[in-house]
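What the coordinates show
Below, each chain spelled out in residue letters.
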2 protein chains.
Amino acid sequence: MEGEPQSFLERAIALAVANARDSGGGPFAALVVKDGRVVAEGVNLVTSANDPTAHAEVVAIRAACRALGHFQLEGCEIYSSCEPCPMCLGAIYWARPARVYYAATAADASRAGFDDSFIYRQIALAHGERAIPMIALATPQALQPFAAWRAKAGRKAY
Amino acid sequence: MEGEPQSFLERAIALAVANARDSGGGPFAALVVKDGRVVAEGVNLVTSANDPTAHAEVVAIRAACRALGHFQLEGCEIYSSCEPCPMCLGAIYWARPARVYYAATAADASRAGFDDSFIYRQIALAHGERAIPMIALATPQALQPFAAWRAKAGRKAY
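Along each chain, numbering runs from 1 in the same order as the chain's sequence is written. A letter from A marks each chain and a number from 1 marks each ligand, given out in the order of writing. Local features are withheld for residues below a pLDDT of 70 in this predicted model, meaning they are given only at 70 or higher, and side-chain atom pairs are given and counted only at 80 or more; totals for whole chains, interfaces and linings count all residues. As a rule here, side-chain values come from all non-hydrogen atoms in the structure, and water together with hydrogens is ignored.

**Some details on the overall build of chain A**
In plain terms, the rule: Strands here mean DSSP runs of E at least two residues long; helices mean DSSP runs of H or I at least four residues long; both are numbered from the N terminus. Under the convention used here, a 1.4 Å probe and the Shrake-Rupley method define accessible areas, while residue burial counts only the protein chains that appear. Asp and Glu are treated as the negative residues and Lys and Arg as the positive ones, with His and the ends of the chain left uncounted. Charged side chains are reduced to one point each, which is NZ for Lys, CZ for Arg, CG for Asp and CD for Glu.
From N to C terminus, chain A includes six helices and five strands. Considered along the principal axes of its C-alpha atoms, chain A spans approximately 55 × 40 × 30 Å. Taken as a whole, chain A presents about 6400 Å² of accessible surface, with 52% of it coming from carbon and sulfur. Here chain A contributes 15 positive and 15 negative side-chain charges, whose respective centroids are spaced 12 Å apart.

**Describing the environment of Val100(B)**
Put simply, the rule reads: Between buried and exposed lies partly exposed: a residue is buried under 20% and exposed over 50% of the maximum accessible area for its type, with that area taken using a 1.4 Å probe on protein chains only. Whether two residues are in contact is decided by their heavy atoms, any of which lying within 4.5 Å being enough.
In this fold, Val100(B) is placed in strand β4 (residues 99-104). For Val100(B), a relative accessible area of 0% puts it in the buried group. Other than its neighbours up to four places away in sequence, Val100(B) contacts Ile132(A), Pro133(A), Met134(A), Ile135(A), Ile78(B), Pro84(B) and Ile92(B).

**Some details on the sheet that holds strand β2 (residues 37-43) of chain B**
Operational definition: By the convention used here, strands pair only if DSSP detects at least 2 bridges between them. Axis definition: a line fitted to C-alpha atoms, over the contacting stretch in the case of helices. Angles run 0 to 180 degrees between N-to-C directions.
Pairing in this open sheet of five strands is mixed, and the strands run β5(A)-β4(B)-β3(B)-β1(B)-β2(B) from one edge to the other. In the strand order of this sheet, the two ends are held by β5 (134-136) of chain A together with β2 of chain B, each with one partner. Going across the sheet, the axis of each strand differs from the next one's by a mean of 20°, ignoring polarity. Taken together, the six bridges between strand β1 (residues 29-34) of chain B and β2(B) define a ladder with antiparallel strand orientation. Counted as the bridge partner of Val32(B) is Ala40(B) from β2(B). Sheet contacts for helix α2 (residues 56-68) of chain B: β1, β2 and β3 (76-82) of chain B; angle to β2(B), the most-contacted strand, approximately 140°.

**Brief notes about the interface of chain B and chain A**
Here is the rule: Joining two parts hides part of their accessible area as seen by a 1.4 Å probe, and the buried area is that hidden amount summed over both. Here a salt bridge means any side-chain nitrogen of Lys or Arg lying within 4 Å of a carboxyl oxygen belonging to Asp or Glu. Residues adjacent in sequence count toward polar contacts only when both atoms are side-chain atoms; beyond that, a polar contact is any pair of N or O atoms within 3.5 Å, and within protein one must be able to donate a hydrogen and the other to accept it. Only Asp, Glu, Lys and Arg are considered charged in this grouping, and only Ala, Val, Leu, Ile, Met, Phe, Trp, Tyr, Cys and Pro are considered nonpolar; every other residue, Gly among them, is considered polar.
Taken together, the contacts link 88 residues of chain B with 87 residues of chain A. When chain B packs against chain A, the two sides together hide about 7600 Å² of surface, and 71% of this comes from carbon and sulfur. Counting across the interface, chain B meets chain A through two salt bridges. For the interface between chain B and chain A, the tally reads 26 residue pairs in polar contact (both at pLDDT 80 or more). Contributions of two or more residues to the side of chain B that touches chain A are made by α1 (4-23), α2, α3 (86-95), β4, α4 (106-111), α5 (117-123), β5 (134-136) and α6 (144-151) of chain B. Examining the composition of the side of chain B that touches chain A, we find that eleven residues originate from one element, α1(B), more than from any other. For the side of chain B that touches chain A, the residue count by class is 55 nonpolar, 18 polar and 15 charged. Note that strand β4 (residues 99-104) of chain A and β5(B) share three bridges and pair parallel. Residue pairing for β5(B): Tyr101(A) is matched across the bridge by Ile135(B).

**Quick notes on the sheet that holds strand β3 (residues 76-82) of chain A**
If you walk across this open sheet you meet the five strands as β2(A)-β1(A)-β3(A)-β4(A)-β5(B), and the pairing is mixed. Taken across any chain shown, the strands that pair with only one partner, and hence form the sheet edges, are β2 (37-43) of chain A together with β5 of chain B. The average undirected angle you get between the axes of adjacent strands in this sheet is 20°. As defined by bridge partners, strand β1 (residues 29-34) of chain A adjoins β3(A) across five bridges and the pair is classed as antiparallel. Across the sheet, Lys34(A) pairs through a bridge with Cys76(A), a residue of β3(A).

**Quick look at the packing of aromatic side chains**
Filter applied, for reference: Between 30 and 60 degrees the pair is tilted, below 30 it is stacked and above 60 it is edge-to-face, where a pair is any two Phe, Tyr or Trp rings, Trp via its six-membered ring, whose centres lie within 6.5 Å.
Tallied over the full model, the rule gives 18 aromatic pairs over all chains. Pairing Phe114(A) with Tyr158(B) gives two aromatic rings, centres 5.6 Å apart and planes at 45°, and the pair type is tilted. Remark: Tyr158(B) occurs in the segment after α6 and Phe114(A) occurs in the loop between α4 (106-111) and α5 (117-123); the pair is interchain, linking two chains. Residue classification places Phe114(A) among the buried residues on the basis of a relative accessible area of 7%. Judged by relative accessible area, Tyr158(B) falls into the buried class, the value being 16%. With 4.9 Å between their ring centres and 10° between their planes, Tyr79(B) and Tyr101(B) make a pair best called stacked. Of this pair, Tyr79(B) sits in strand β3 while Tyr101(B) sits in strand β4; the two residues are 22 residues apart in sequence, bridging distant segments of the chain.

Have a look at this one:
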């Protein structure tokens, strides 16, 4: 089994090369692997699908969950051609795979013009200091959704 | 126009209540608004769609981009029933709306059992200290995707 992570990463990198070269898509790809088997693959589809959330990891996570019929990736590994951006890192935490392997670093991506560090820095700022203003509006009904959730019989936590 | 943000937020909250009450879905909803008009709505579909990335903001952003035929939400506002989690915050930065309004705070969500603060804290940690291990594997091909991207004529930056 030694060397397998490397071969899955090489597969992800090859998909990323093909996505950029053949489709002009973002040069990123990811695999979800369970028990040594590829469950799903994803490539960056942001511009081709007009979907800013269609990063490789998100695409692969969504496809893997469809394939597994569950909203969690327990016992799975994610192999990404590049270190995940903050959005994808959040998606990874919600999907809860066992671990993540990646090849290129965020610094490599930044040198290629894909600078996630801006978003990483923004997350650490207070809302009022962010480039995209985040405005809390006190709303009397704000807690009603949580009350409806607590009152719902058979609700499924996630 | 005074008071409009409040009414869009109230609409988002009503959708969140309905999603929890009628579908047993996560008690969250979001709208994308452009020029005072609702472009798209989204509710949390994590458990119903088996998609851990289907948070209300992500669903609304994807639907709005489909409706607008573009992968950016320039000049749009997002109204969320609740303060965005790190994944959604990342998605917001990639979609680049003008601003975000929200009603319930992360602290409100945490008290209701939806604790994003764990992920916010994880993002700030070094890779080796994270609950989900992030493992960089030096791979000779790691930079090939970026080379393919730079070599691609007519590539569309995002």
